[in-house]
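# Structural overview
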Amino acid sequence: MTQPARIFLSSPHMSDQGYEQQYVQEAFDTNWIAPLGTNVNEFEREFAEKVHIKSAAALSSGTAAIHLALKAAGVGSGDIVFCQSLTFSATANPIIYQDAIPVFIDSDYKTWNMSPEALEEAFHKYPNVKAVVVVHLYGLSAEINRIKELCDHYNVALIEDAAESLGTYYNGQQTGTFGDYGIFSFNGNKIITTSGGGMLVSNNEEMIQKARFWATQSREPARHYEHKELGYNYRMSNVVAGIGRGQLKVLDDRVNKKTEIYRHYINELSELDGIQFMPENNWDRPNYWLSSILLQGSIRPLDLINALEKENIESRPVWKPMHLQPYFEKYDFVGTNVAEQLFLNGVCLPSDTKMKEEDLHRVTKLIKGLWRI
Ligand SMILES: *Cc1c(COP(=O)(O)O)cnc(C)c1O
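Read on for a plain summary of the structure.

Conventions we followed
Residues numbered from 1 in each chain as written. Predicted model: local features only at pLDDT ≥ 70, side-chain atom pairs only at ≥ 80, totals over all residues. Heavy atoms only, no water. Pairing = 2+ DSSP bridges. Helix = DSSP H or I, 4+ residues; strand = E, 2+ residues; numbered from the N terminus. Contact = heavy atoms within 4.5 Å. Axes fitted to C-alpha atoms, helices over the stretch in contact; angles between N-to-C directions. Phe/Tyr/Trp six-rings, centres within 6.5 Å; stacked < 30°, edge-to-face > 60°. Buried < 20%, exposed > 50% of the residue type's maximum accessible area, 1.4 Å probe, protein only. Near = heavy atom within 4 Å. Polar contact = N/O pair within 3.5 Å; in protein donor to acceptor, adjacent residues only side chain to side chain. Areas by Shrake-Rupley, 256 points an atom, 1.4 Å probe, with all protein chains shown as cover. Nonpolar A, V, L, I, M, F, W, Y, C, P; charged D, E, K, R; others polar. Salt bridge = Lys/Arg side-chain N within 4 Å of Asp/Glu carboxyl O.

## Some points on the sheet that holds strand β10 (residues 275-277)
Taking strand neighbours across the sheet as the criterion, the 4 strands line up as β10-β12-β15-β13 in an open arrangement whose pairing is antiparallel. Since the sheet does not close on itself, it has two edges, and those belong to β10 and β13 (316-317), each with one partner. Contacting β12 (292-295) and β15 (346-348), helix α11 (residues 338-345) runs over the sheet at an angle of about 55° to β15.

Now the structure itself:
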């Protein structure tokens, strides 16, 4: 028997119009293959315009963007950084690159993201903290107004990891543009992709200029190679930026499709016993990057994930919190067990924008079948 076609969690989806190839072709035609060039400059400009921010630096990854955001915020050796625990490790790793000390912060059920209460508790415990890294997970916005208020009150830099939330709006404003710095990712599974890449954004143009400098090996403007600071090779290539420019044109289409996918799951599955959908708040307009659920009944996340995998359908557990990771468990954690419970009970359902109506029905029919035993 041949296997049914694979349904992915979230795979790259290039435009039907071929925008990406046109921009890449331009780079070839002008032989602007090396880093930098028109596509990089235009991608930065178009991206900044799209998210309504002053300045953006196109980088080799979202992780590189977090690293340079920490550096721009002045985080260095021995500094304490508050970091949302429920996230992908890329949020936390750059804190270690800077030889700083992460303190992990719990989530709340209301947003699945950083709990403002736990954050406040952490401020009391570590008044000398240098920066806060909040995440907008799965395209849900954190309660950013309250988190920003706390950061302002304690005069601490706020970095938003919006890798998963391009196209997510909090009270009408793009997530990632509230803090001192915001970062986005164009990794293969994100809502738009360049195959790999990231963006650092800020209203502080001077610091974005500085980040571009660090990202090009901190090369001083001299004919010979002159370096006064440690540098990195973090710039996005002009070829890759061409893909990004094309993808940006279809971002709204992708958000619409992701929203449809989420609505389909709500309509088909919300009656099932013990299923709870990811939270919706009235200030939030999510991009629905991954439709995610909690399972509170007898059917456990792995039962569901394995049943789907048997039919060649990809799904995933919710991120395992950083404070439970062997590499990070020696660092402090402030909060209760919310992030852990979200991990233990959460499932990310297939949210691939290439899915057709019949694919969605294939997924929900299978899931409903599990409840009929
Ligand atoms: C994908 C992702 C990143 C890292 O982005 P890369 O471009 O893969 O380096 C960071 N944080 C979160 C929450 C992510 O999902």
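## Some points on the packing of aromatic side chains
Inspection of the entire model under this criterion finds 19 aromatic pairs. Residues Tyr 138 and Trp 319 carry aromatic rings whose centres are separated by 6.4 Å and whose planes lie at 10° to one another, so their mutual orientation is stacked. One end of the pair, Tyr 138, is in the loop between β4 (131-135) and α6 (144-154); the other, Trp 319, is in the loop between β13 and β14 (333-334), with 181 residues separating them in the sequence. Owing to a relative accessible area of 1%, Tyr 138 belongs among the buried residues under this scheme. One aromatic cluster in this structure is built from Phe 88, Trp 112, Tyr 138, Trp 289 and Trp 319.

## Comments concerning the site of the ligand
Near the ligand, the surroundings consist of 15 residues, among which Thr 63, Asp 161, Glu 164, Ser 185 and Lys 190 are the closest. Gly 62 is positioned such that a nitrogen or oxygen atom in its backbone is 2.8 Å from an oxygen atom of the ligand. At a separation of 3.2 Å, an oxygen atom of the ligand approaches a polar side-chain atom of Lys 190. Taking 380 Å² as the accessible area of the ligand by itself, protein coverage stands at 94%. Of the residues assigned to the shell around the ligand, the class counts are 4 nonpolar, 8 polar and 3 charged.

## Things to note about the pattern of salt bridges
A side chain of one charge can pair with a side chain of the opposite charge when the charged atoms of the two come close. Per the counting criterion, the structure on display carries 16 salt bridges. Among the ionic pairs, Arg 245 bridges to Glu 46, the shortest N-O distance being 3.0 Å. Taken together, the positions of Arg 245 in helix α8 (residues 238-248) and Glu 46 in helix α2 (residues 38-51) put the pair 199 residues apart, joining distant regions of the chain. Between Lys 50 and Asp 252 there is a salt bridge, with its nearest N and O atoms 3.1 Å apart.

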